[in-house]
Amino acid sequence: MAHWLIKSEPAVYSWDDLVKAGAKGTHWDGVKNHTAKLNLMAMKQGDQVFFYHSNEGLEVVGIAEVIKEHYPWVEAGPPWVLVDFKALKPLPKPVSLAAVKAEPKLAKMSLVTSFRLSVQPVTDEEWALVCKMGGL
């Protein structure tokens, strides 16, 4: 199983919105960056994903799961794709960008090095540490 991080502006689509979507989850649209698209295409059903609030909050707030692998984003046309996610659980303590940047073991995390990328890989070591920082 791989791990990922997806970003969303809470005013556009928040963690609470994903929770309200329930078990059916939602498709993830709006990704029109080729590197982010390739990351979406690499996701497999069952992969776990940090949900990050961007612009407001700047923190990892929950864990979601890939429930449907990439498929064509018809409205946007080729080469863009969608992936479906559902919420799994909130982090008991959201992990801020400042806390991630302050942790030397996370200095190479994409959240630090590729901050603007909206869909990012997360290593197993990074995953475990952010989960621990978030109270899991």
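Above this text you will find the structure in question.
Since we're looking at a predicted model, the values are computed, not measured.

Draft legend 1. Geometry of the environment of G62. Residue placement: G62 occurs in strand 4 (residues 59-72). Linking G62 and W127, residues 65 residues apart in sequence, is a C-alpha distance of 12 Å. Setting aside chain neighbours within four positions, we find G62 in contact with W15, V49, F50, F51, K89, P90 and L91.

Draft legend 2. Region of the structure containing the packing of aromatic side chains. Across all of its chains, the model carries 5 aromatic pairs by this definition. For the pair W15 and F51, a centre-to-centre distance of 5.7 Å together with 65 degrees between the ring planes defines the contact as edge-to-face. In this pair, W15 is assigned in helix 1 (residues 15-20) and F51 in strand 3 (residues 48-53), connecting sequence segments 36 residues apart. Each member of the pair W15 and F51 is classed as buried. With a centroid separation of 5.8 Å and 90 degrees between ring planes, the pair formed by W28 and F85 is classed as edge-to-face. One end of the pair, W28, is in strand 2 (residues 26-28); the other, F85, is in strand 5 (residues 81-96), and 57 residues separate them in sequence. Considered together, W28 and F85 belong to a single accessibility category, that of buried residues. Here the aromatic residues Y13, W15, W28, F51 and F85 are joined through ring pairs into a cluster of three or more. Over the aromatic face of F115 sits the side chain of K7, whose NZ or CZ is 4.1 Å from the ring centroid. Over the aromatic face of Y71 sits the side chain of K68, whose NZ or CZ is 4.1 Å from the ring centroid.

Basis of the calculations
- Residues numbered from 1 in each chain as written.
- Predicted model: local features only at pLDDT ≥ 70, side-chain atom pairs only at ≥ 80, totals over all residues.
- Heavy atoms only, no water.
- Helix = DSSP H or I, 4+ residues; strand = E, 2+ residues; numbered from the N terminus.
- Contact = heavy atoms within 4.5 Å.
- Phe/Tyr/Trp six-rings, centres within 6.5 Å; stacked < 30°, edge-to-face > 60°.
- Buried < 20%, exposed > 50% of the residue type's maximum accessible area, 1.4 Å probe, protein only.
- Lys NZ or Arg CZ within 6 Å of the ring centre and 35° of its normal.

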